[in-house]
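# Working through the structure, step by step
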Amino acid sequence: TNQQRLSHGDIPTNKIHNGKTSTIFGHSVEPINNRETFRALFQNPNGINPSEGNYQFLFSLTECYNNCVSLLGLAETNREWKHAHQQRQLREAMHKVWTSSVIQTSTTIDTFEENYKPGGTLTAIVEDHWTSRVLEKGEDPWGLARWSYTMMAGKKDKRVMSVNGYRVCCSSE
């Protein structure tokens, strides 16, 4: 849609535990006009599940929509993104919330049979007026699944690159 939306100014939520909703760590989310301000949200959810019946994931996406998030960066998605059905489920979940999105995931070169796979990232640009600016997208070329990126057209021939990545913790063993 080409309509301007104003964010609610609430803090987005991400998990429900024992009937209580926890909040994303960080500052209060100020109300914005989504046509004038580009809001990015980065989070390490320690795994996502975009399956059709996962209303918690859909609720989190809806909170992002309500707060006018235009760039969603998730580290450590813990999904086997090489499975076509995982990509399809993600696109369908995103489409339930936004009419348009550009999605880039990253995953390691090793293929897992299961849907769960440690690591990986998800970088998504949402909202029609922002997705039309995406020039390029990609992932970690070494197959380590540590980062993904988008390149967008800015004003006056400028380009804006967003890189979503994470550093794997060293084990204490």
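Each chain carries its own residue numbering, running from 1 in the written order of its sequence. With the structure being a predicted model, the display of local features is reserved for residues of pLDDT at least 70 and the display and counting of side-chain atom pairs for 80 or more, all residues being used for whole-chain, interface and lining totals. Only hydrogens and water are removed before side-chain values are computed, so all heavy atoms of the structure are retained for them.

A few words now on the nonpolar core. Throughout this description, the term nonpolar core refers to a set of buried Ala, Val, Leu, Ile, Met, Phe, Trp, Tyr and Cys residues connected via side-chain atoms within 4.5 Å. The rule is simple: take the accessible area with a 1.4 Å probe, protein chains only, and divide by the maximum for that residue type; under 20% is buried, over 50% is exposed, in between is partly exposed. Leu61, Leu72, Leu90, Met94 and Trp98 are the most contacted members of the largest nonpolar core, which totals 18 residues. Where helices and strands are cited, they refer to DSSP runs of H or I of at least four residues and of E of at least two residues respectively, numbered from the N terminus. Of all the secondary structure elements, the ones that give two or more residues to this core are helix H1 (55–66), strand E4 (69–75), helix H2 (84–97) and strand E6 (121–126). Residue contributions to this core peak at four residues, all from H2. Leu61 has contacts with Leu72, Ala93, Met94, Val97 and Trp98, leaving out every residue within four places of it along the chain. Membership of the second largest hydrophobic core comes to six residues, among which are Leu71, Val102, Ile125 and Met152. Whether two residues touch is decided by their heavy atoms; if any such pair falls within 4.5 Å, the residues are in contact.

The subject of this paragraph is the sheet that holds strand E5 (residues 101–106). Should DSSP find at least two bridges between two strands, the strands are regarded as paired. Judged by pairing direction, the sheet is mixed, and its four strands sit side by side in the order E3-E4-E6-E5 without closing on themselves. Among the strands making up the open sheet, the edge pair consists of strand E3 (39–43) and E5. Neighbour to neighbour, the strand axes of the sheet diverge by 10° on average, direction disregarded. With six bridges joining them, E5 and E6 adopt antiparallel strand pairing. Looking at E6, one finds that Ser106 is bridged to Thr121. Sitting on the sheet, H2 touches E5 and E6, and the angle it makes with E5 is about 145°. Every angle, taken between N-to-C directions, lies between 0 and 180 degrees, and every axis is a line fitted to C-alpha atoms, over only the stretch in contact when it is a helix.

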